[in-house]
Amino acid sequence: MFSSEGFLGAFMNKDELDKILIESSKKSEKVIIWNFSLGSFHFIEYSFKTIRRDRNEIIFSPSGGMSVEMIKSVISGSGILNVLLTDSGIFLKTHFSSIDDAFNITTTLPELSFRDERRKGERFLIDDIDLKIVRNEKEEVAKLGDISEGGASLYIIKKVSGIPKVEEKLTSIKLQAGGEVEIGEAKVLFVQKIPPYQEIFPYSVWKISVEFDKPFAELVKLKELG
């Protein structure tokens, strides 16, 4: 019934990403830019300088200690640049546009963005456990995807309260496993619409990742069901 998994990543929506990129530029967040070329991994450390959405571009500035050879090794090849915002834990996939005499690198806005989410404790994938959740004072039916002490991913299979949103509050989550088990409140971190048959459902569902307000102390008992 269970298998462990230590890592979850979440694709990000535009509004959430814009907010993070603006904050990142304000504090000149450290970034790592890398690519793979000729079978080798190359990376350089830069700083987030500015985002220009009207020009579809991001500018990164060197943080010191860069050599022309190091920079060339990263910007050569396919033109794809991978960027990690080190404080925010955000991965970006961008395309190289230009570099100036001061070694400032300009890229396109990201075509793909991904949040590194690492929960505390071991994560368990679940075969078939039902949930009752409450959003906006309305009860909905869901299926559990995975769970850890700090959060879970789940599929809303009977939606009655509109499209779920990032930062939305779940005021109740109840596991229907070996009797009803109350987890408590949680915050939505990630939302994705799943087309029919893409995962295990023959109809469209909403997949959400949530973070519990308090650690789920009953996880050990839930594991015993497997």
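In this report, the structure presented in the accompanying data block is examined. (Residues numbered from 1 in each chain as written. Predicted model: local features only at pLDDT ≥ 70, side-chain atom pairs only at ≥ 80, totals over all residues. Heavy atoms only, no water.)

### Some thoughts on the pairing of strand S13 (residues 151-158)
Rules: Under the scheme applied here, a residue whose accessible area is under 20% of the maximum for its type counts as buried, over 50% as exposed, and between as partly exposed, the area being computed with a 1.4 Å probe on protein chains only. Comment: elements are numbered from the N terminus, with helices defined as DSSP H or I runs of at least four residues and strands as E runs of at least two. At least two bridges found by DSSP between two strands is the condition for calling them paired.
In terms of burial, S13 is a largely internal element, 6 of the 8 residues being buried. In this structure, strand S12 (residues 138-147) lies alongside S13, joined through 6 bridges in antiparallel fashion. Paired with Ile147 across the two strands is Ala152, which belongs to S13. Joining the antiparallel neighbours S12 and S13 is a turn of 3 residues.

### Focus: a nonpolar patch on the surface
Stated formally: Here, patches come from residues exposed beyond 30% relative accessible area and free of salt bridges, joined within 9 Å for like charges and within 5 Å for nonpolar side chains (Val, Leu, Ile, Met, Phe, Trp, Tyr). Note that accessible areas follow from Shrake-Rupley with a 1.4 Å probe, and for residues the cover is restricted to the protein chains shown. Salt bridge, as used here: a side-chain nitrogen of Lys or Arg that lies within 4 Å of a carboxyl oxygen of Asp or Glu.
Taken together, the side chains of Phe36, Phe41 and Phe43 define a hydrophobic patch exposed on the protein surface, amounting to about 350 Å² of accessible area. Judged by its relative accessible area of 58%, Phe36 is exposed.

### Details of helix H1 (residues 14-26)
Heads up, the condition is: Helix span is expected to be 1.5 Å times the residue number reduced by one.
With 13 residues, H1 should cover 18 Å at 1.5 Å per step; its first-to-last C-alpha distance of 18 Å lies within 8% of that length. For H1, the full list of buried residues reads Glu16, Leu17, Asp18, Ile20, Leu21, Ser24 and Ser25. Phi for Ser28, located one or two positions after H1, is positive at around 50°.

### A word on the environment of Arg53
The condition is simple: Here, residues are in contact when the closest pair of their heavy atoms is within 4.5 Å. Polar contact is defined as a pair of N or O atoms within 3.5 Å, subject to the rule that within protein one atom must be able to donate a hydrogen and the other to accept it, and that residues adjacent in sequence are counted only when both atoms are side-chain atoms.
Looking at the element boundaries, Arg53 is found in the loop between strand S4 (40-52) and strand S5 (57-62). Separated by 56 residues in sequence, Arg53 and Leu109 place their C-alpha atoms 7.4 Å apart. Residue contacts for Arg53: discarding those within four places in its chain leaves Lys14, Asp18 and Leu109. There is a polar contact of 2.4 Å between the side chain of Arg53 and the side chain of Asp18.

Purely geometric stuff here, so don't read any function into it on its own.
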